[in-house]
Amino acid sequence: MSLLPVSRIIANGALKLGGSTILWYKAQTCPAYRRNGKPCYDNDSGSNWIDCQVCGGTGLAYTKKPRAIKGIYTDNSNEFLPDGNGGFLTGKKTLSLPWDLDISLMKHRGYYSDGQMAPREVLKDKFVILSPEGKVAEVVYLEKDPVKPTINSGTIYQHVEVSNNS
Ligand SMILES: [Zn+2]
């Protein structure tokens, strides 16, 4: 019998007890509809409704209501790297979150008029980290697709790299 399911239950329980409450605003294509009944963001053409009041014409929006999740925020951004010129600060900010949350960086594509696929503006998932008193402690944005735990890695959380840049 694999101990992994048991480990996950324990890990999620530990997060519930010891983690911060985080409000997760998932990035999505705009859910509004145009006057002609078509969606603001047209998946087929990759085009968005320029006059949309919900998203301001970008075709992208956050979920209206955030989902409250539990996680651990680690700020290692003050790591000092000497470079001979006085050095600079480097390092990462990460969230450790339950393994089963469906988090991924938005991959937004549109098409040029010649039919070529073009990378387009993306909206990054937003995480509002709350203090134990329920106040906003920090707001961070998803930087990369999460590192998902594998069965053999021994990790039971997913680690998500974040930054303060929207
Ligand atoms: Zn819209």
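Computed from a prediction, not measured in an experiment: that's the story for all the values here. (Residues numbered from 1 in each chain as written. Predicted model: local features only at pLDDT ≥ 70, side-chain atom pairs only at ≥ 80, totals over all residues.)

Student: So what's going on with the overall build of the chain? Residues and values would help.
Tutor: Of the regular secondary structure elements, the chain holds one helix and 14 strands. For 166 residues, the compact-globule estimate of 2.2 N^0.38 gives 15 Å, and the chain exceeds it by more than 25% at 19 Å. Projecting the C-alpha coordinates of the chain onto the three principal axes gives extents of approximately 55 × 50 × 35 Å. Counting all 166 residues of the chain, 16% fall into the buried class. Partitioning the contacts of the chain with sequence separation of at least 6, the portion at a separation of at least 24 is 53%. (Helix = DSSP H or I, 4+ residues; strand = E, 2+ residues; numbered from the N terminus. Rg over C-alpha atoms; globule rule 2.2 N^0.38 Å. Buried ≥ 20, exposed ≤ 12 C-beta atoms within 10 Å, placed from the backbone. Contact = placed C-beta atoms within 7 Å.)

Student: So what's going on with the sheet that holds strand β6 (residues 67-75)? Which residues, and what values?
Tutor: For sheets, the rule is that strands pair by backbone hydrogen bonds, running either parallel or antiparallel. If you trace the six strands once around the closed barrel, you get β1-β6-β9-β14-β13-β12, paired in antiparallel fashion. Adjacent strand axes in the sheet meet at a mean angle of 45 degrees, parallel and antiparallel pairs treated alike. Inspection of the sheet shows strand β12 (residues 126-130) paired to strand β13 (residues 136-142) by five bridges, in the antiparallel sense. Each bridged residue has a counterpart across the sheet, and for I129 the counterpart in β13 is E138. Sitting on the sheet, helix α1 (residues 4-18) touches β6, β9 (93-98) and β14 (157-163), and the angle it makes with β6 is about 85 degrees. (Pairing = 2+ DSSP bridges. Axes fitted to C-alpha atoms, helices over the stretch in contact; angles between N-to-C directions.)

Student: Please provide a residue-by-residue account of the environment of S47, values included.
Tutor: Following the sequence through the fold, S47 ends up in strand β4 (residues 47-48). Judged by C-beta crowding, with 14 C-beta atoms within 10 Å, S47 ranks as partly exposed. Note: C-alpha distance between S47 and V162 (115 residues apart in sequence) is 28 Å.

Student: Can you lay out the domain arrangement of the chain for me, pointing to particular residues and giving the numbers?
Tutor: Structurally, the chain comprises domain 1 (4-25 + 63-107 + 121-163) and domain 2 (27-62). Averaged C-alpha coordinates put domain 1 and domain 2 at centres separated by 29 Å. Taken residue by residue, the interface counts eight residues in domain 1 and five residues in domain 2. Tallied by class, residues from the side of domain 1 that touches domain 2 come to three nonpolar, one polar and four charged. (Domains from an automatic or database assignment. Nonpolar A, V, L, I, M, F, W, Y, C, P; charged D, E, K, R; others polar.)

Student: Give a description of the nonpolar core that names residues and reports values.
Tutor: Counting residues in each nonpolar core, the largest one holds eleven residues, listed as I22, W24, Y25, L95, L97, F127, V140, L142, Y157, V160 and V162. Those elements that place two or more of their residues in this core are β1 (20-25), β9, β13 and β14. Dropping the residues within four chain positions of it, W24 is found in contact with P66, R67, I69, D125 and F127. The next biggest cluster of nonpolar side chains, apart from the first, holds eight residues, and it includes C30, C40, W49 and C55. (Core = buried A, V, L, I, M, F, W, Y, C linked by C-beta atoms within 7 Å.)

Student: I'd like a rundown of the pairing of β12, residues and numbers included.
Tutor: Pairing analysis gives four bridges linking β1 to β12, with the strands arranged antiparallel. From the neighbouring strand, W24 faces β12, where its bridge partner is F127. What sits between β12 and β13 in their antiparallel hairpin is a turn of five residues, with G134 showing a positive phi close to 85 degrees.

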